[in-house]
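# Structural overview for review
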Number of protein chains: 4
Amino acid sequence: MTLRLGIIGVGTMGSDHARRIAETINGATLAGVSDLIPERAQAIHDKFGAKIYEDGLDLVRDPQIDAVVVATAPHETHEQFVLEAIKLGKYVLSEKPLTTSAAGCRKIVDAEIAAGKRLVQVGFMRRYDKGYQEIRKAIVSGELGEPLLIHCAHRNMTTPPVYNSDMSIVETAIHEVDVLHYLLGENYESALTFLPKKQTRYTHEGLHDPQIVELDTESGVHIDLEVFVNNQMGYDINCRVVFEKGEIALHAPQNTIVKVAESERERIPAEYTERFRQAYDTEFQAFVDGVANDALTGPTAWDGLVACVTCDALFASRDEGGVRKQVELPETPQFYIDNHMD
Amino acid sequence: MTLRLGIIGVGTMGSDHARRIAETINGATLAGVSDLIPERAQAIHDKFGAKIYEDGLDLVRDPQIDAVVVATAPHETHEQFVLEAIKLGKYVLSEKPLTTSAAGCRKIVDAEIAAGKRLVQVGFMRRYDKGYQEIRKAIVSGELGEPLLIHCAHRNMTTPPVYNSDMSIVETAIHEVDVLHYLLGENYESALTFLPKKQTRYTHEGLHDPQIVELDTESGVHIDLEVFVNNQMGYDINCRVVFEKGEIALHAPQNTIVKVAESERERIPAEYTERFRQAYDTEFQAFVDGVANDALTGPTAWDGLVACVTCDALFASRDEGGVRKQVELPETPQFYIDNHMD
Amino acid sequence: MTLRLGIIGVGTMGSDHARRIAETINGATLAGVSDLIPERAQAIHDKFGAKIYEDGLDLVRDPQIDAVVVATAPHETHEQFVLEAIKLGKYVLSEKPLTTSAAGCRKIVDAEIAAGKRLVQVGFMRRYDKGYQEIRKAIVSGELGEPLLIHCAHRNMTTPPVYNSDMSIVETAIHEVDVLHYLLGENYESALTFLPKKQTRYTHEGLHDPQIVELDTESGVHIDLEVFVNNQMGYDINCRVVFEKGEIALHAPQNTIVKVAESERERIPAEYTERFRQAYDTEFQAFVDGVANDALTGPTAWDGLVACVTCDALFASRDEGGVRKQVELPETPQFYIDNHMD
Amino acid sequence: MTLRLGIIGVGTMGSDHARRIAETINGATLAGVSDLIPERAQAIHDKFGAKIYEDGLDLVRDPQIDAVVVATAPHETHEQFVLEAIKLGKYVLSEKPLTTSAAGCRKIVDAEIAAGKRLVQVGFMRRYDKGYQEIRKAIVSGELGEPLLIHCAHRNMTTPPVYNSDMSIVETAIHEVDVLHYLLGENYESALTFLPKKQTRYTHEGLHDPQIVELDTESGVHIDLEVFVNNQMGYDINCRVVFEKGEIALHAPQNTIVKVAESERERIPAEYTERFRQAYDTEFQAFVDGVANDALTGPTAWDGLVACVTCDALFASRDEGGVRKQVELPETPQFYIDNHMD
Ligand SMILES: [Mg+2]
Ligand SMILES: [Mg+2]
Ligand SMILES: [Mg+2]
Ligand SMILES: [Mg+2]
């Protein structure tokens, strides 16, 4: 039995998912597509034969569509489609961030709790990266003792002029905000954003680059994160967890090593698509398998809310000159204690 | 349109392919299974719902089966199923070695040429490993100059008592024999097997371990290969190509690095399944896509024959005390010049 | 012409210097030794033939002693010997910290300025480590653009019970405080010490472990430093400088790589003596060569004062709960602008 | 008591030793110098104050010279000075190769045995490299089981036009010939030189490049060595010893790692002087300490002879088209069983 998927929003991310369904994913087919820009929907139709829906809500409502993928921009537009899917009892994979406000996340969370069944998976694909999975295993096994400190760096080669200081947090740092919360299995107590005085000359108006983020968890694990999105050098994601008896650190996969011109070289990829292709594929397959098993297992709407609330604290810290702010999380509903990603 | 696959032989390799079709591959379904041991076929049926065929030839002949995967043991049993598939104009993926004699390969090759169409893909999955693909790219691009030397090591942690000195060549070294032939895009001129006097104490009756293989290509590239299948340390596949201006070497993918107990550690996998999972998945998807496109692109029956003839030269060298033997390859038929893997 | 050196204080560090002079250093001989514990001085005399002075000041004053090495404990005892050497116009190498108070450093600085000639070298040996020298070269050359961020970790395997939270700063972090000031060629504007709530179970009464130090320089380079002195894993010194166009990071020298038990391993040394042997040797030779050339080139008394003042700010930050404190440095005297290590 | 050294031959190697004595070595002074080219001797005199001897034999005979360093070219000129030193009972460090013929080595060996005392150290400095020392330790300890195979590569960036195919063996491969003999503590049984058909376009008339050397020891350890002296890429010395339970491989020391332009880079040095500076310094200090202790500990004249005889077998193999040749070593004299480097 092949799952019939519909995608709403086929920009970069959505059209990559369309290709993924058509070429890579097991057990699913691309049945529908919707986009505000008709040419985009048409292109997907032409390539993969998906039916076009002018209105995304119609796609959600069509009984010929078994489950929905939401990849619209801007992110606040996710909300309506996710809510409609919940209303109809359909599974939905929403790109991250789930939506842009804690209030918006809350609406989705409440609707899902009311539906009495997990229906939403949020596209925090890093959790599916093999490296993060190995870190998770090291934390859970306790073989290196307790985790104490985490040092992270998120580096992009360049950003377009439209990318601004807010996006360093809510588009970029949000990946670490989510994945570290998942790795540690606990919430943040405080958050801090520090803007170092010295910036790269490769930044632009409206973007403070690099930025420093600090997070402290309830148990007292201290996290620092460098966000540097115009580093000119590569897409370079670092995460080192320091335990009581050792350290485990991400290593970007290398297939070969080259010796040339007086150096031995490992490649640093230029793009996130190369670095996290495996994570995206695994995430998407997990969604399809979850729907097939009638039991989603990935990041929840509550994870989406936790990320939103934490980013809000990071903004507040930044706007108050770098003071440490409490992360004011509501209590985790029993529904999400029962339904969380292991 | 989903491809209906049938598998003949569901031992370790075949049942892994069954799982792959069911869980990972895009565009195919497991429709049939056959095995001389009824319990094995039954287990696959129970798990994945495939129809059981007592006789593998019946599976090949069933119009409900679009294409065939042959993973029977011993390897000489591949031949009949491959020939039957060719006769019926059905695509077939045969595990490596295609068959165990040059004469057997020749029969398949002749049948395929007579059929006038590529129908056979041989399971030399290393060609699909990302590392070897990067090496291939470096050779083709010429950016490091011409390849001159290749140093390889194929290391297994342990082997069962049944594994003998012949298998070091025809089960193990055959991987390098095939993949280097592919990487370089040329044939071997000579082959040599040297048995070093000193052996590991972890070997057993009938197995000389380690062994040294040397191959020289028509253009004069010199290759050495250590085959060491009880190294107690890990599954460790090395390939370093030395060019005029640099070197490129395989690096087993690492997702994390651990620091513990006064050392910084990369993992060496214990099993080939971990090391080459990506290669197996990509190989199999290429077969399915090839069938869907009515145009196979992978390793050919001719590649199977080349490997067989080269292994025969390696045996002859070994049996004559390590002298360099000519590799007596018949001329490549035009059919396989037109149809080879790029 | 061989330089006649006298050492005051032959505990761990001082007796290692004695051995160094006898076995490794070019152009010097160990002529005198003094220690409050007579057995220690006697042992050095017995091994290397150095004359024993009961009172260290007598050693300084003896015309048979050309230059003096001060390695006494506790560190506040350095001051008197250094001042006496300056008074007599003799060159002196003082172990770090130069002395334990900014006021003490000031006295030495004033005496040296009054003497009108550089006479003091402070034992900040990290500056001579080949790795830090390569980082220095990268900063000075500008080939990676401007330095923006520095991530450091200073990790010891274990500490004795006497080691306390103050020593994390003034014995340990002081190395980074000095060497980063040297690498960047600028002063610190602010300093912060943060005590993460979660500590290792391998710490002891009176020691908060790990600790986080942050420093921001006048130009705005942001530095974070993990000080973790009971990490159970090894002596592991990390320093990554993030530039506008790349990164350079320390790598502890490796002479070999071992593959064993499913892992490929680089060694992490257990002891600073192994990690920084080259730095100690080079530092000491630089002192001897400086004396021979009548022109010291190493870390100055002013560098000793800068380190002291910065550590004081780190203490103040810690005692006020982790607030960022200004580093209140007096203006650099012209004498030390003219006389600083390149 | 400072050792008064005299150097005969101050080309590249000899003048580097002169500098080493003056700047780095403990316990020695440069007292004399001799060179056929008067300007060279004069330059050393001017820099370091050494007395000039027109005739090297006069230097050896002068009672003001305690021990002699022979670094003359061509290598066959070593013999007379070494023999004269032995005759006078003076210690002598001779650059490698000790001399260019087995017969010449034999004369020195016989003279030393007749003298009844070790007086000669041969400049096989690789034995003092920390990496090779760690390999030696792994072999001696047996912690990885028995050594079975050794894979080596000796790569130079470029060679001058005067460098020819013979020099690939007697100037270059001789380093591995000696150091592996030392590491394994046994002699070679057979030797083979293979000239791959395909050569680099960066070679020149008279130089087959690369070349392959194979050596098999008495116990049956099999060694392969790539000699590639115009690799355009760097000075890159590889040695991987494969044991029954693991592998240990040389790693050129790295002080830093750089990330730039989509790659993470370790440096490969351009010159042997950088790669083996530590080995040269340690070797030389060992000679000076050996003289001071009246007991040399380094490579012996017999090691020089072993290397010569082995190179002769490599030449014979090459000249007979790559057949495996016996290494016809005379029995090791008891004198050298009693006097060998541990
Ligand atoms: Mg790496
Ligand atoms: Mg590696
Ligand atoms: Mg490393
Ligand atoms: Mg390395």
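These figures come from a predicted structure and were not determined experimentally. Counting starts from 1 at the beginning of each chain's written sequence and moves along it residue by residue. Lettering for chains starts from A, numbering for ligands starts from 1, and both go in the order in which the items are written. The predicted nature of this model means local features are confined to residues of pLDDT at least 70 and side-chain atom pairs, given and counted, to a pLDDT of 80 or more, with totals for whole chains, interfaces and linings taken over all residues. The basis for every side-chain value is the complete set of non-hydrogen atoms in the structure, without hydrogens or water.

### A few points about the interface of chain C and chain A
The contact criterion used is simple: two residues touch if any of their non-hydrogen atoms lie within 4.5 Å. Taken together, the 40 residues of chain C in the interface contact 40 residues of chain A. Here the buried area means the combined drop in accessible surface, using a 1.4 Å probe, for two parts upon being joined, counting both sides. When chain C packs against chain A, close to 3,200 Å² is buried across both sides, 53% of that on carbon and sulfur atoms. Among the salt bridges present, the one from Arg155(C) reaches Glu247(A), with a minimum N-O distance of 2.7 Å. Identification of polar contacts relies on pairs of N or O atoms within 3.5 Å, with a donor-acceptor requirement for protein atoms, meaning one able to donate a hydrogen and the other able to accept it, and with residues adjacent in sequence counted only if both atoms are side-chain atoms. In this structure, the connection of chain C to chain A is made through 16 residue pairs in polar contact (both at pLDDT 80 or more). Helix and strand definitions here come from DSSP, where helices need a minimum of 4 consecutive H or I residues and strands a minimum of 2 consecutive E residues; each element is numbered from the N-terminal end. Those elements that provide at least two residues to the side of chain C that touches chain A are β7 (147–155), β8 (188–194), β9 (211–217), β10 (222–228), β11 (236–243) and β12 (246–250) of chain C. Among the elements that line the side of chain C that touches chain A, the one with the most residues is β7(C), at five residues. By definition here, a salt bridge exists when the distance from a side-chain nitrogen of Lys or Arg to a carboxyl oxygen of Asp or Glu is within 4 Å.

### Topic: the sheet that holds strand β6 (residues 120–122) of chain A
Residue and element names in this part refer to chain A. At least two DSSP bridges between two strands are required for those strands to pair. Taken together, the six strands give an open sheet; going across it, the order is β3-β2-β1-β4-β5-β6, and neighbouring strands pair in parallel fashion. Only two strands of the sheet have a single neighbouring strand rather than two, namely β3 (51–52) and β6. Here four bridges tie strand β4 (residues 67–70) to strand β5 (residues 91–94), and the two strands are oriented parallel to one another. The partner of Val70 across the bridge, within β5, is Ser94.

### A short note on the pairing of strand β7 (residues 147–155) of chain B
Residue and element names in this part refer to chain B. Counted residue by residue, β7 has nine buried out of nine residues, so it is predominantly covered. Two elements, β7 and strand β10 (residues 222–228), share seven bridges in a ladder whose sense is parallel. Bridge pairing in β10 links Leu149 to His222. Note on exposure labels: buried denotes an accessible area under 20% of the residue type's maximum, exposed denotes more than 50%, and partly exposed covers the range between, all computed with a 1.4 Å probe on protein chains only.

### Regarding the coordination of the magnesium ion (ligand 1)
Residues and elements named next belong to chain A. Sites may look incomplete because water is not among the atoms; the donors themselves are N, O and S atoms within 2.8 Å of the metal, or within 3.2 Å for Na, K and Ca. Every protein donor of the magnesium ion (ligand 1) is listed here as His251 (NE2), Glu266 (OE) and Glu266 (OE), and their distances to the metal cover 2.2 to 2.6 Å. Here the magnesium ion (ligand 1) and the magnesium ion (ligand 2) are spaced 5.1 Å apart. With His251 in the loop between β12 (246–250) and β13 (256–260) and Glu266 in strand β14 (residues 263–267), this pair connects stretches of sequence that are 15 residues apart.

### Topic: the relation of the copies chain D and chain B
The transformation that overlays chain D on chain B combines an axial shift of 0.0 Å with a rotation of 180°, and the residual RMSD is 0.0 Å. Overall, the copies show the geometry of a two-fold rotation axis. A high fraction, 100%, of the interface residues of chain D reappear at the interface in chain B, so the copies pair face to face through one surface. Least-squares fitting of one copy onto the other uses the C-alpha atoms of those residues that reach a pLDDT of at least 70 in both copies.

### Considering a positive patch on the surface
Residues form patches when they are more than 30% accessible in relative terms and have no salt bridge. Like charges link within 9 Å. Nonpolar side chains (Val, Leu, Ile, Met, Phe, Trp, Tyr) link within 5 Å. The method behind every accessible area is Shrake-Rupley, applied with a 1.4 Å probe, and residues are considered shielded solely by the protein chains displayed. Charged-residue counts in this description rest on Lys and Arg as positive and Asp and Glu as negative, His and the chain ends being excluded. Charge placement uses NZ in Lys and CZ in Arg. For Asp and Glu, CG and CD serve respectively. A cluster of like positive charges, contributed by Lys130(A), Arg277(A), Lys130(B) and Arg277(B), occupies part of the molecular surface. Among the structural elements, Arg277(B) can be located in helix α9 (residues 277–292).

### Focus: the coordination of the magnesium ion (ligand 2)
Residue and element names in this part refer to chain B. Surrounding the magnesium ion (ligand 2) are the protein donor atoms His251 (NE2), Glu266 (OE) and Glu266 (OE), at 2.2 to 2.6 Å. A relative accessible area of 13% places His251 in the buried class. Looking at Glu266, the relative accessible area reads 14%, which means it is buried.

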